[in-house]
Amino acid sequence: MKKFFLGLVVLGLVLACSSSSSSDDGPTGVGDTYNREDLLINVADNIVIPAFQDLDSKLTLLKSTKDAFTADPTQNNLVGLRDSWLEAYKVWQYVEMFNIGKAEEILYGFQMNVYPTNTVDIENNISTGTYDLASVNNNDAVGFPALDYMLYGVGVDDSSILTKYNDSKYIDYLSDLVDQMSAITKTVLNDWTGSYRTTFVSQTGNTATSALNKLVNDYVFYYEKGLRANKIGIPAGNFSNSPLADKVEGLYSKIYSKELTLTALDAVQDMFNGKSYSNSSSGGSFKAYLTNLNRNDLVTLINSRFNDARQKIEALNDDYGAQINSDNTKMTQAYDALQLVVVSLKVDMLQAFNINVDYVDADGD
């Protein structure tokens, strides 16, 4: 009788452990019947991969215009190079949030968009001619912000900028920057179109290392830090004693800060709604997931807050530096509108999905 009772206890423990383990791959909360694989498939096939393919294409064009400029540094070729830089930079806004897979492994984001760029390091690299662009020590001397400086900031006007490129060392550094960006982007894209796509769509469980959990957390982290804080909050002075106009994205080109922010906001809202990168169709998404959980109220609120934030950003000067120096209140109002979305995503949406925040928040919001 004792052996029979002991057997029941052991069996119960085994079943309990089995149930606990399998719950990682089951619904994230009570009443959760959503097919999360549909979400991951749509994200991979219709959002992430097409966006990276477009970025790869835009960087190939950037290489072509760079080659034309370095062979013949004329005003017309400089204009063409600047145009292709901006087009690639706008596409970058659609992929920066996906810090997962190979991108996370190689610290891709740190090599593409750390701003403000470190002009002292850039000039030192140029003067010595000895540098490793992949080194973490050069994260703030590479990528789109470094090109912003190289195309707009190495001289006081276009004439003096073109004169700089009479020096082969400036030609070499510019060329190496673009080639590096193109190469690492191909690495990330090839990972997605190779084996990682299959791995990604299969990891539907709610574990700290599952694709679903990491995707949701990376998305919220990017919105909160990469968009809200870096693009608006830090330059507006929300995290310091005074505004920091030299911390804006697009510091040297001056007129693209707002355009890059609006593009990034479109990207995160499209991602929330599951909108395809290439067309207007939509599929599995955070919106669809919330709808399945009977949280249409939250879907409506989040989209409404995205739209309200867009209106505040549209009211800003194209040049954030000029906006900060003339009327910084509009910057802080845009920040406040963006912050409301953080609450809806980080608290309400994550609670609905039963997903915990996996990053440390040190800015008190």
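The rules we used
Residue positions within a chain follow its written sequence, with the count starting from 1. Predicted model: local features are reported for residues with pLDDT of at least 70 only, side-chain atom pairs are reported and counted for 80 or more only, and whole-chain, interface and lining totals are derived from all residues. Only hydrogens and water are removed before side-chain values are computed, so all heavy atoms of the structure are retained for them. To qualify as a nonpolar core, a set must consist of buried Ala, Val, Leu, Ile, Met, Phe, Trp, Tyr and Cys residues joined through side-chain atoms within 4.5 Å. Only protein chains enter the accessibility calculation, which uses a 1.4 Å probe. A residue is then buried if its area is under 20% of the maximum for its type, exposed if over 50%, and partly exposed in between. We call two residues contacting when some pair of their heavy atoms lies within 4.5 Å. Space inside and on the surface of the protein is sampled on a 1 Å grid over the protein atoms alone, with a cavity defined as a set of points where a 1.4 Å probe fits but cannot get out and a pocket as an open set with protein on both sides within 12 Å along at least 5 of 7 lines; lining residues have an atom within 4 Å of a point. Grid points are joined across faces, edges and corners, and a volume is the space filled by probe spheres set on the points. Runs of H or I in DSSP of at least four residues are treated as helices and runs of E of at least two as strands, each being numbered from the N terminus. Residue polarity is assigned by list, with Asp, Glu, Lys and Arg as charged and Ala, Val, Leu, Ile, Met, Phe, Trp, Tyr, Cys and Pro as nonpolar; anything else, Gly included, falls into the polar class. In this analysis, rings of Phe, Tyr and Trp, with Trp reduced to its six-membered ring, are considered paired at centre separations within 6.5 Å, and the interplanar angle assigns stacked below 30 degrees, edge-to-face beyond 60, and tilted for intermediate values. The salt bridge criterion pairs a side-chain nitrogen of Lys or Arg with a carboxyl oxygen of Asp or Glu, the two atoms within 4 Å. UniProt positions are given in the numbering used here, feature names are shortened, and annotations may be inferred rather than shown by experiment. Lines fitted to C-alpha atoms define the axes here, with helix axes fitted over just the stretch in contact, and angles between the N-to-C directions of these axes take values from 0 to 180 degrees. Geometric relationships in this document are graded by angle, where less than 35 degrees denotes roughly parallel, more than 145 denotes roughly antiparallel, 65 to 115 denotes roughly perpendicular, and other angles denote oblique. Note on convention: the crossing is left-handed when the near helix lies turned anticlockwise from the far helix by less than a right angle, right-handed when the turn is clockwise.

**Focus: the nonpolar core**
Most often, soluble globular proteins have nonpolar side chains that are buried together.
Step number 1: Met150, Phe200, Tyr219 and Met349 are the most contacted members of the largest nonpolar core, which totals 108 residues.
Step number 2: The residues contacting Tyr219, other than those within four sequence positions of it, are Met97, Val268, Met271, Phe272, Phe286, Phe306, Leu345 and Met349.

**Observations concerning the layout of surface pockets**
Step number 1: A volume near 740 Å³ is recorded for the largest pocket.
Step number 2: Glu96, Asn99, Phe110, Phe221 and Asn230 are, among the 27 residues lining the largest pocket, the residues nearest its centre.
Step number 3: Secondary structure elements with two or more residues in the lining of the largest pocket: helix 3 (75-95), helix 4 (102-105), helix 5 (108-112) and helix 10 (211-236).
Step number 4: Among the elements that line the lining of the largest pocket, the one with the most residues is helix 10, at eight residues.
Step number 5: Residue classes in the lining of the largest pocket are distributed as 15 nonpolar, five polar and seven charged.

**A word on the packing of aromatic side chains**
Step number 1: Under the defined criterion, the tally for this structure stands at 23 aromatic pairs.
Step number 2: Ring geometry for Tyr223 and Phe306: centres 5.9 Å apart, planes at 75 degrees, overall edge-to-face. Of the two residues, Tyr223 sits in helix 10 while Phe306 sits in helix 13 (residues 296-314), which places them 83 residues apart along the sequence.
Step number 3: With a centroid separation of 6.2 Å and an interplanar angle of 65 degrees, the aromatic rings of Phe272 and Phe306 are classed as edge-to-face. Of this pair, Phe272 sits in helix 11 (residues 257-273) while Phe306 sits in helix 13, and the two are 34 residues apart along the sequence.

**Structural notes on the environment of Leu251**
Step number 1: Its location among the elements puts Leu251 in the loop between helix 10 and helix 11.
Step number 2: The spacing of Leu251 and Lys186 is 65 residues in sequence and 27 Å in space, taken between C-alpha atoms.
Step number 3: Excluding residues within four positions of it along the chain, Leu251 makes contact with Asp148, Ala245 and Asp246.

**Description of the pattern of salt bridges**
Step number 1: This model, assessed by the stated rule, comprises 17 salt bridges.
Step number 2: Of the charged contacts, one joins Asp56 and Lys186 as a salt bridge, the two residues approaching to 2.9 Å between their closest N and O atoms. Here the residue Asp56 occupies a position in helix 2 (residues 36-71), and Lys186 occupies one in helix 9 (residues 168-202), the gap between them amounting to 130 residues.
Step number 3: Two residues, Glu224 and Lys346, come together in a salt bridge whose shortest N-O distance is 3.1 Å. A residue pair is termed long-range when its members are at least 10 positions apart, and Glu224 in helix 10 and Lys346 in helix 14 (residues 320-353) qualify at 122 residues.
Step number 4: Ionic contacts of the salt-bridge type, sharing partners, join the residues Glu224, Lys225, Arg228 and Lys346 into one network.

**A few points about the UniProt feature "domain: Imelysin-like" (unreviewed entry) in the protein**
Step number 1: Here the UniProt feature "domain: Imelysin-like" (unreviewed entry) sits at residues 49-338.
Step number 2: Regarding residues 49-338, the helix share stands at 70% and the strand share at 0%, and the terminal C-alpha atoms are separated by 27 Å.

**A few points about the packing of helix 10 against helix 11**
Step number 1: In contact at an axis separation of 11 Å, helix 10 and helix 11 are set at 160 degrees when each is read in the N-to-C sense. When the axis of helix 10 is compared with that of helix 11, the two are roughly antiparallel. By crossing handedness, the relation of helix 10 to helix 11 is classed as left-handed. Residues Leu215, Tyr219, Tyr222, Tyr223, Leu227, Lys231 and Ile232 of helix 10 lie in contact with helix 11, whose contacting residues are Thr261, Ala264, Leu265, Val268, Met271 and Phe272.
Step number 2: Residues that form the contact of helix 10 with helix 11 fall into these classes: eleven nonpolar, one polar and one charged.

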